[in-house]
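# Residue-level structure breakdown
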Amino acid sequence: MIKSVRGTRDLLPPDTALWNFVEAEARDVFRLYNFREIRTPIFEQTELFARSVGEETDIVSKEMYTWEDGIEPAELDLLPAWIAKHRDELKGFEIEISPEGKIGPIRPDLSLRSGSTLISLETKSRASLETVRQLARYGAELEASGSRDVRLYLLVPTGRATESVYRASREANVIIEELDVEIPQSLTLRPEATAGIVRAYIEHDLNRTGLLQRLYLIGPMFRRERPQKGRYRQFFQIDAEVIGPPTAGSESPSVDAELLEMLAKFLERIGITGWTLELNSVGCANDRPKFNEALRAALAKDIDKMCEDCRRRAVTNPLRVLDCKVPEDQPIIEKLPRMLDYLDESCRQHFQAVQDLLAAVSVPYVINARLVRGLDYYTRTAFEFTHGALGAQNAILGGGRYDGLSESLGGPKAPGIGFAIGEDRLVLALSKTAEEVSAPPDAYIAPLGAGMNRKAAKLARELRRQGIVVELGDDSFRLKKSLESASKIGARYAVIVGENEVKAGSFALKNLATGEQVTVPRAELAGRMQSLRG
Ligand code: HAM
């Protein structure tokens, strides 16, 4: 039997009703705060995550699903692209392909014109200095043997010639042509949503609007983590971001507080209580170097006792040492300096303002000075909501500011803040049951007697048009079986469609909870069922 892949799972009814409930409430609450939906692709160029989430994070260094997409173009694939590009100039020319499969000179058809241009084409999937030199030597030989007007072309896929190759080719009179043929690229299934959203923000020039963009995205994310309860390799996030130019107020602490208040409201709406908001500030580009220096200094004496990752990170990105989960390293990590003690004046004031605003809107929080989050793009406010019922994987959501992310991806200055809720964990923490959040079908239609399927289908169509949720039975079932099926699917009523009923235009409507049965005229069926809905 073929099973689902380790770390992935099927979500089946009735549980999917819980997921629909959570997503519908999220959309409702987000709308009240004027968020709009964005959908980005589930795979992106690997470089996007390497540059935003960070090379030294666990996510990028260990957990991404990455592959080389596409195959190297065969060298000969470049020729059709070149011919297409030069179609007009090539009228009347013949192309010679040598027996070794090499593209030979393209010569004018001598019967049409008397020998003018001699074009030599070389195709390579990557351009090297050596190819340029070979081509130049060949050109010299042709000229020495009397050919006039020799043109040398090196055809390569776009992006496959370096600056030094271009320089050499200019000296050797070799024309390099970059052609638009597909070349392999490294792609990655998104491990998180923020990078893709900021990429889209830049690509579509949303900064131009001059407004804050309040965006949300619901969808699957992928990380190759060790699966356990609440931790999967494909999991779902409900992500929201507020991003915009500073002139739109994107750096304001009130955006941070509003987002946290929205989260508190959302959790309250879906009935999750007993959460803790853990809050920290991880500083900004201004104070980070001082903190990194302090971390390195503090680590110097103990680093030899730490794990391999920590030893490397102490040099490359010391903040990531604070993420280490190796138990033996924890006593050392406990004693390391705290970012909060290194905040510059503006970061300190920003953090204070966020706290004051949270107090004003009555959102409780605790400061966790050890909270660094597992992604590199964070600046200033960082937070997680944890929940006791979840065991080891207790973070139902996490987020923070990323004031420099857009610029680090080559975009405009566009500070932002956001969060992602782990939907799988949120559903685990719900106390509601699938039954509580899903409505049972209104009616089971029981066709009674051979040939009654058509009449039943017609009635079902009428009732559905009036908003009644109907499941249709089959005229091969006996009444007993139909009524049993109706009860099993949880229908509130059974409607019996027999020959007599159709003739009379009135149907037996059986309340499956009470067993009570009444005869109701066709036109009144829907109204009767609606009026008695719970
Ligand atoms: P994150 O903390 O990596 O942040 O993930 C957010 C949430 O996704 C976690 O708190 C957790 O509930 C859930 N989650 C993460 N990994 C797994 C997993 N393997 N299985 C199940 N649930 C998981 C981010 O992803 C950031 N992009 C959040 C953000 C948005 N920051 C700013 N904007």
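All values reported here derive from a predicted model rather than from experimental measurement. (Residues numbered from 1 in each chain as written. Predicted model: local features only at pLDDT ≥ 70, side-chain atom pairs only at ≥ 80, totals over all residues. Heavy atoms only, no water.)

## Topic: the nonpolar core
Convention followed: The definition of a nonpolar core used throughout is a set of buried Ala, Val, Leu, Ile, Met, Phe, Trp, Tyr and Cys residues joined through side-chain atoms within 4.5 Å. Whether a residue is buried, partly exposed or exposed follows from its accessible area with a 1.4 Å probe, protein chains only, as a fraction of its type maximum: under 20%, in between, or over 50%, in that order. Helix and strand assignments follow DSSP, with helices taken as H or I runs no shorter than four residues and strands as E runs no shorter than two, numbered in order from the N terminus. Should any heavy atoms of two residues lie within 4.5 Å, those residues are considered in contact.
Residues Phe-35, Phe-266, Phe-383, Phe-385, Phe-419 and Leu-426 are the most contacted members of the largest nonpolar core, which totals 67 residues. When residues of this core are assigned to their parent elements, the largest contribution, nine residues, is made by helix H8 (residues 253-269). The contact partners of Phe-385, leaving out residues within four places of it in the chain, are Leu-260, Leu-263, Leu-267, Trp-275, Thr-276, Leu-277, Asn-394, Ala-395, Ile-396 and Leu-397. The next biggest cluster of nonpolar side chains, apart from the first, holds 21 residues, and it includes Val-53, Ile-243, Val-282 and Leu-375.

## Let's talk about the site of the ligand
We apply this condition: Any residue with at least one heavy atom within 4 Å of a molecule or strand is counted as near it. By the criterion applied in these results, polar contacts are pairs of N or O atoms within 3.5 Å in which, for protein atoms, one can donate a hydrogen and the other can accept it, and in which residues neighboring in sequence qualify only through two side-chain atoms. Residue-level accessible areas treat just the shown protein chains as cover; the underlying method is Shrake-Rupley with a 1.4 Å probe. All residues other than Ala, Val, Leu, Ile, Met, Phe, Trp, Tyr, Cys, Pro, Asp, Glu, Lys and Arg, Gly among them, are scored as polar; the first ten of these are nonpolar and the last four charged.
Neighbouring residues of the ligand: 27 residues in total, closest Glu-192, Glu-225, Tyr-232, Tyr-378 and Ala-395. With respect to the ligand, the side chain of Thr-194 contributes an N or O atom lying 2.9 Å from a nitrogen atom. A distance of 3.4 Å separates a nitrogen atom of the ligand from a polar atom in the backbone of Phe-419. For the ligand, whose accessible area on its own is 660 Å², the fraction buried by protein is 96%. Taken together, the elements giving at least two residues each to the shell around the ligand come down to strand S11 (234-243), strand S15 (395-401) and strand S16 (416-422). Ranked by residues supplied to the shell around the ligand, first place goes to S15 with six residues. Residue composition of the shell around the ligand, grouped by class: eleven nonpolar, eight polar and eight charged.

## Notes on a negative patch on the surface
Put simply, the rule reads: Patch definition: residues above 30% relative accessible area lacking any salt bridge, with like charges linked at up to 9 Å and the nonpolar side chains Val, Leu, Ile, Met, Phe, Trp and Tyr linked at up to 5 Å. By salt bridge we mean one thing: a side-chain nitrogen of Lys or Arg within 4 Å of a carboxyl oxygen of Asp or Glu. Charged-residue counts in this description rest on Lys and Arg as positive and Asp and Glu as negative, His and the chain ends being excluded. The location of each charge is read from NZ of Lys, CZ of Arg, CG of Asp or CD of Glu.
Together, Glu-68, Asp-69, Asp-180 and Glu-182 make up a negatively charged patch on the protein surface. Mapping Asp-69 onto the fold places it in strand S3 (residues 66-69).

## A short note on helix H12 (residues 345-360)
Selection criterion: Expected span of a helix: the number of residues minus one, times 1.5 Å. This arc corresponds to the set of directions leading from the helix axis out to the C-beta atoms.
Along its 16 residues, H12 runs 22 Å from first to last C-alpha, staying within 8% of the 22 Å computed at 1.5 Å per residue. Those residues of H12 lying buried are Cys-347, His-350, Phe-351, Val-354, Gln-355 and Leu-358. Down the axis of H12, the buried set is contained in an arc of 135°. They therefore lie on one face. Exposed and oriented more than 90 degrees from the buried face of H12 are Ala-359 and Ala-360. The elements touched by buried residues of H12 are H8, strand S12 (275-281), strand S13 (366-367), strand S14 (379-387) and S15. In the stretch just after H12, Ser-362 is the one whose phi turns positive, near 55°.

## Quick word on unusual backbone geometry
Peptide bonds are trans in most cases, and residues, glycine excluded, mostly fall at negative phi. Look at the link from Pro-13 to Pro-14: it is a cis peptide, with omega at 5°. Inspection of the secondary structure puts Pro-14 in the segment before helix H1 (16-32). You will see that Ser-362, though not glycine, has its phi angle at about 55°, which is positive. Secondary-structure assignment places Ser-362 in the loop between H12 and S13. On the accessibility criterion, Ser-362 (61% relative accessible area) is exposed. Even without glycine at this site, Arg-380 takes up a positive phi of about 50°. Here Arg-380 lies in strand S14. Given the relative accessible area of 12%, Arg-380 is considered buried.

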